[in-house]
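# Analysis of the macromolecular model
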Amino acid sequence: DMKELRRIVETMDEDGDGVVEKEEFLAAASMDEVARCFAVVGLDIGNPELFFHMLSAAEQATGENTFSIDSFVERAIRMKGLASSVDLHTLIFQTSKLQQRLDNLLS
């Protein structure tokens, strides 16, 4: 699965710099073929923007808009699983955003 996902992600890297930018991912994710490839390896990218943000939240990063191909693949593989896993990552993302808002209010 990891090799297949890496192959898919490498095709998203349009400029060949070894980095997947948010815009590159969103453009690729809008193609049905890419969504099907992600589904084959067990990843749901039905909401590509949220998926990309959840990759950041998985490492408690703050607003990363780029990932090395290796980092993207490693983080995405951790998000594999049943809906309960996706739900958990969504909650992590939402909690992180709420914490940022709270920190901004208290500053």
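First, a word on what this report is: a plain description of the structure on this page. From a predicted model like this one, the values you see are computed outputs, not experimental measurements.

Evaluation of the coordinates by the stated rule reveals 4 salt bridges. Among the ionic pairs, Arg7 bridges to Glu4, the shortest N-O distance being 2.6 Å. Highlighted residues: Arg7 and Glu4, both in helix 1 (residues 2-12), separated by 3 residues, approximately one helical turn. Of the residues examined, Arg7 reaches a relative accessible area of 41% and is grouped as partly exposed. In this structure Glu4 comes out as partly exposed when scored by relative accessible area, which is 32%. Asp70 serves as the salt-bridge partner of Arg6, at 2.6 Å between the closest nitrogen and oxygen. Note that Arg6 is positioned in helix 1 and Asp70 in helix 5 (residues 69-78), a separation of 64 residues in sequence. Shared partners join several salt bridges into a network, and the residues in it are Arg6, Glu10 and Asp70.

Another aspect to go through is the environment of Val73. Structurally, Val73 can be placed in helix 5. Apart from the residues lying within four places of it in its own chain, the contact partners of Val73 are Met2, Leu5, Arg6 and Val9.

Turning to helix 1, a few remarks are in order. When helix 1 is considered as a whole, its buried residues turn out to be Leu5, Ile8, Val9 and Met12. For helix 1, the arc enclosing every buried residue in end-on projection is 95°, short of the 170-degree limit, so these residues lie on one face. Exposed residues pointing more than 90 degrees away from the buried face of helix 1 are listed as Lys3 and Thr11. Summarising the contacts, the buried residues of helix 1 are in contact with strand 1 (19-21), helix 2 (22-29), helix 3 (32-40) and helix 5.

Cut-offs applied
Residues numbered from 1 in each chain as written. Predicted model: local features only at pLDDT ≥ 70, side-chain atom pairs only at ≥ 80, totals over all residues. Heavy atoms only, no water. Salt bridge = Lys/Arg side-chain N within 4 Å of Asp/Glu carboxyl O. Helix = DSSP H or I, 4+ residues; strand = E, 2+ residues; numbered from the N terminus. Buried < 20%, exposed > 50% of the residue type's maximum accessible area, 1.4 Å probe, protein only. Contact = heavy atoms within 4.5 Å. Arc of directions from axis to C-beta.

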